[in-house]
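What follows is the residue order along each chain.
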Amino acid sequence: MAFDPARTAALLLEGGLSSGGVVKGVAIVEAASGHEPDATHESGDEANTVDRGLWQINDVWHPEVTDEMAFDPVAATREAVRIKGSGDWTAWSVYKNGSWRAHRKLGWVALRLAMCQASRDTWQQEFAIVTDEANELTVRRDDLSALLRVSEARVLTLDVARLSAIQRLNNV
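Residues numbered from 1 in each chain as written. Predicted model: local features only at pLDDT ≥ 70, side-chain atom pairs only at ≥ 80, totals over all residues. Heavy atoms only, no water.

1. Examining the packing of aromatic side chains
Threshold: Aromatic pairs are defined between Phe, Tyr and Trp rings, using the six-membered ring for Trp, whenever the two ring centres lie within 6.5 Å; interplanar angles under 30 degrees are classed as stacked, those over 60 as edge-to-face, and all others as tilted. Under the DSSP-based scheme used, a helix requires at least four consecutive residues in state H or I and a strand at least two consecutive residues in state E, with every element numbered from the N terminus. Each residue gets one of three labels from its accessible area relative to the maximum for its type: buried under 20%, exposed over 50%, partly exposed in between, using a 1.4 Å probe on protein chains only.
Summed over the entire model, instances satisfying the criterion amount to four aromatic pairs. Here the aromatic rings of W55 and W89 are separated by 5.4 Å at their centres, their planes lie at 10 degrees, and the arrangement is stacked. Here the residue W55 occupies a position in the loop between β2 (50-52) and β3 (57-58), and W89 occupies one in the loop between α4 (73-84) and α5 (93-96), the gap between them amounting to 34 residues. Of the two residues, W55 and W89, neither departs from the other in class, the shared state being buried. Arranged with centres 5.6 Å apart and planes meeting at 20 degrees, the rings of Y95 and W100 form a pair that is stacked. Exposure class is identical for Y95 and W100. Each is buried. Joined through ring pairs, the aromatic side chains of W55, W89 and W92 make up one cluster.

Rendered as structure tokens:
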């Protein structure tokens with residue numbers, strides 16, 4: 001099952017990439033693997049290298065990336081950001097040969113969806129905080145009301161006790 005391009009975009013944003021870097025990254029993944037996390041490509045050369053996962057990370061060029069990481073879209077995206085570093089996407093053949101360009105529109109759409117989702121998540125988190133604070137204030141108000149009722153009852157009890165004491169003094 002294909003991995004959601006908007007999720008790829010969100011992971012790239014979390015990795016600190018610019019919007020242009022995100023668009024290129026999503027387009028590279030689409031050109032390289034069709035967003036299939038289980039994709040593989042055997043080189044067929046003497047070294048018999050294998051490109052693995054969503055990002056088609058080569059097993060010989062990047063032995064530090066385990067198969068488990070390469071086939072996990074989240075871990076693979078983190079590794080892709082690390083491999084890219086502060087440079088461009090030249091480690092990917094689909095970038096060098098330009099085939100990624102056919103998927104730029106998908107990159108832009110995925111970026112916009114990821115940004116909308118991030119805004120929605122932020123709004124929901126802020127709403128949850130405000131709701132929690134309002135609930136806490138309601139609890140405090142209810143606690144204060146209960147405390148006031150208890151205090152009023154104690155004051156009445158004290159007043160009755162004082163009146164009884166005054167009456168006893170008057171009767172003596």
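2. With respect to the sheet that holds β2
Here is the rule we go by: Being paired, for any two strands, means DSSP has found at least two bridges between them.
Strand order in this open sheet of three strands is β1-β2-β3, and the pairing throughout is antiparallel. Only two strands of the sheet have a single partner each, and these edge strands are β1 (40-42) and β3. As paired elements, β1 and β2 share three bridges and run antiparallel to each other. Note on β2: the bridge partner recorded for H41 is D51.

3. Regarding unusual backbone geometry
Of note, the phi angle at N48 is positive, near 50 degrees, even though the residue is not glycine. Within the fold, N48 resides in the loop between β1 and β2. Classification of N48 as partly exposed rests on a relative accessible area of 44%. Despite not being glycine, Q56 has its phi angle at roughly 55 degrees, a positive value. Its place among the elements puts Q56 in the loop between β2 and β3. Of the residues examined, Q56 reaches a relative accessible area of 12% and is grouped as buried.

4. What to know about the confidence of the model for the protein chain
As a note on interpretation, predicted positions should not be read in detail where pLDDT is low. Note the cut-off: Confidence scores labelled pLDDT are given residue by residue by the predictor and lie between 0 and 100.
With 72% of its residues at a pLDDT of 70 or more, the protein chain shows a mean pLDDT of 85. The secondary-structure element of the protein chain with the lowest mean pLDDT is helix α6 (residues 104-171), recorded at 71, while helix α3 (residues 67-70) shows the highest, at 98.

5. Considerations on the environment of A31
We apply this condition: Here, residues are in contact when the closest pair of their heavy atoms is within 4.5 Å.
Among the secondary structure elements, A31 is positioned in helix α2 (residues 19-33). Taking the C-alpha atoms as reference points, A31 and R101, separated by 70 residues in sequence, lie 8.5 Å from one another. Not counting chain neighbours up to four residues away, the residues in contact with A31 comprise V94, S99, W100 and H103.

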